[in-house]
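Survey of secondary and tertiary structure
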Amino acid sequence: MNAQNESRKKKLLFLPGDGVGPEIVEQAERILNVVKEQFELDIEVEHDDVGGVAIDKFGLPLTEEILNKAQRADAVLLGAVGGPQWEHLDISVRPEKALLTLRSQLSLFANFRPAILSKHLKQASSLKPELVENLDILILRELTGGIYFGQPRGVSKVNGLREGINTYRYNESEIKRIAHVAFKAARQRNKKLCSVDKANVLEVTELWREVVNEVSVDYPDVELSHMYVDNAAMQLVRNPKQFDVIVTGNMFGDILSDIAAMLTGSIGMLPSASLNSKQQGMYEPVHGSAPDIAGKNIANPIATVLSLAMLFRFSLNREDIALLIESAVNKTLSKGYRTQDIASEATDKNKVVGTKEMGDAILQSLNGLLGEHPLTVNHHSNNKVVGFK
Ligand code: NAD
């Protein structure tokens, strides 16, 4: 981005979506408004419908008009899509189709899923505290290829029997570009990259391994290892701190990042960023629309607030504001505030709060940090920037 770009108005598109989406995006927007005013940022926010709500309104999970708006925006913040009321629809018009279309049409091939355990949440993890203390790993998932997009796909009748087919394919340029992103990210962290595949049985991942090895020649300072996906799933729960950056394809990344989510205590804590080569990005919590708790003021908004921090980091080039938001979240946790999903027996019952109240508490911490002079910001991880450049 050049200086001229830095100073022009930034356009954000907020797509709250279904289930808990609107409740959690609302909390992130409250944070954005405070930051916007404090730093006098020229940011315009538009809101639109996507997913099930868009199906109910327009008959489609993602209209052409909203897709065009997303393409013109500097960044998109998405809540979540989906719910049981749309599950009977054909897969091609279900709410989740909106996500796949946004990812592919915006070429958001690099999905960053940091799994960081706040030191205040050791008790919330499903693993023993000593296994997860200071956990800080990054899963980089390829997002626009692999079995979720490969053709042919579908269900048809073959010899009188219904048969389902999906195609797992990657070409070498798709593997190369995500491998470069992964090596660069590892370079800015602990310089360890683990590429996950199933090269012992799937030819497509044999190619994956070959290409990652070829790319590694450009990064002699990064220690590269390879692991089969079944072993990686086991190692993530056995000894997660052995990992620094994991790079993998679309489906394996989907599954491994949910495992990593539980290591951090709750899926409600994990943000994600999906970027294209222009740093244009879509930011969303890793979790889904959580229909079981939607509309009850229970959902944890932290994953969405941290996604907003990533938006500032990657698409608006404001590392300072990203760190400020992350510090506000950390400060709030240090004060003992917890939503239900991250509360433990040790939590003060008066500090188990709802979605909006967690938003209030983060805002209060943010205002506290903004009032400090000079501004001191402590990143809740080990101060390692999850880099793309
Ligand atoms: P989910 O992530 O919505 O929920 C799994 C569990 O985690 C539930 O018990 C839920 O209550 C809990 N949970 C999720 N987010 C939480 C939060 N912020 N705070 C507290 N608890 C939280 O996954 P699911 O139940 O498998 O899927 C529900 C719907 O979401 C489905 O329609 C699915 O297709 C969709 N989905 C959407 C996305 C997305 O929009 N990116 C991702 C995954 C699933």
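Each chain carries its own residue numbering, running from 1 in the written order of its sequence. Side-chain atom pairs in this predicted model are given and counted only at pLDDT of 80 or more, local residue features only at pLDDT of at least 70, and totals for whole chains, interfaces and linings cover all residues. Side-chain descriptors were evaluated using all non-hydrogen atoms of the structure, hydrogens and water having been removed beforehand.

Structural notes on helix 4 (residues 64–72)
Because each turn of an α-helix spans 3.6 residues, side chains separated by three or four positions in sequence point in the same direction. Three labels apply to residues, based on accessible area from a 1.4 Å probe with only protein chains included: buried if under 20% of the type maximum, exposed if over 50%, partly exposed otherwise in between. The secondary structure listing takes helices from DSSP runs of H or I that are at least 4 residues long and strands from runs of E that are at least 2 residues long, numbered from the N terminus. Burial in helix 4 covers these residues: Ile66, Leu67, Lys69 and Ala70. For helix 4, the arc enclosing every buried residue in end-on projection is 160 degrees, short of the 170-degree limit, so these residues lie on one face. Those residues of helix 4 that are exposed and aimed more than 90 degrees away from the buried face are Glu64, Glu65 and Arg72. To be clear, the arc concerns the directions from the helix axis to the C-beta atoms.

Some words on the site of the ligand
A single heavy atom is enough: if one lies within 4 Å of a molecule or strand, its residue is considered near that molecule or strand. Near the ligand there are 19 residues, and of these Val81, Glu96, Gly288, Ala290 and Asn300 occur at the shortest range. Polar contacts, as counted here, are pairs of nitrogen or oxygen atoms within 3.5 Å of one another; within protein the pair requires one atom able to donate a hydrogen and one able to accept it, and residues that are adjacent in sequence qualify only if both atoms are side-chain atoms. Gly83 places a polar main-chain atom, nitrogen or oxygen, 3.1 Å from an oxygen atom of the ligand. Glu284 places a polar side-chain atom, nitrogen or oxygen, 3.2 Å from a nitrogen atom of the ligand. The accessible surface values rely on the Shrake-Rupley method and a 1.4 Å probe; as for residues, cover is taken only from the protein chains in view. With the chains in place, 68% of the 810 Å² that the ligand exposes on its own is no longer accessible. As a working rule, the residues Ala, Val, Leu, Ile, Met, Phe, Trp, Tyr, Cys and Pro are called nonpolar, Asp, Glu, Lys and Arg charged, and the rest polar, with Gly in that last group. Class assignment of the residues belonging to the shell around the ligand gives a composition of eight nonpolar, seven polar and four charged.

Considering the side chain of Ser125
Assignment of secondary structure puts Ser125 in the loop between strand 4 (110–116) and helix 6 (129–132). What makes Ser125 buried here is its relative accessible area of 9%. Among the polar contacts listed, one links the side chain of Ser125 to the backbone nitrogen of Leu127, at a separation of 3.1 Å. If near-sequence neighbours (up to four positions away) are discounted, Ser125 is found in contact with Val132, Met262, Leu263 and Gly265. The contact criterion used is simple: two residues touch if any of their non-hydrogen atoms lie within 4.5 Å.

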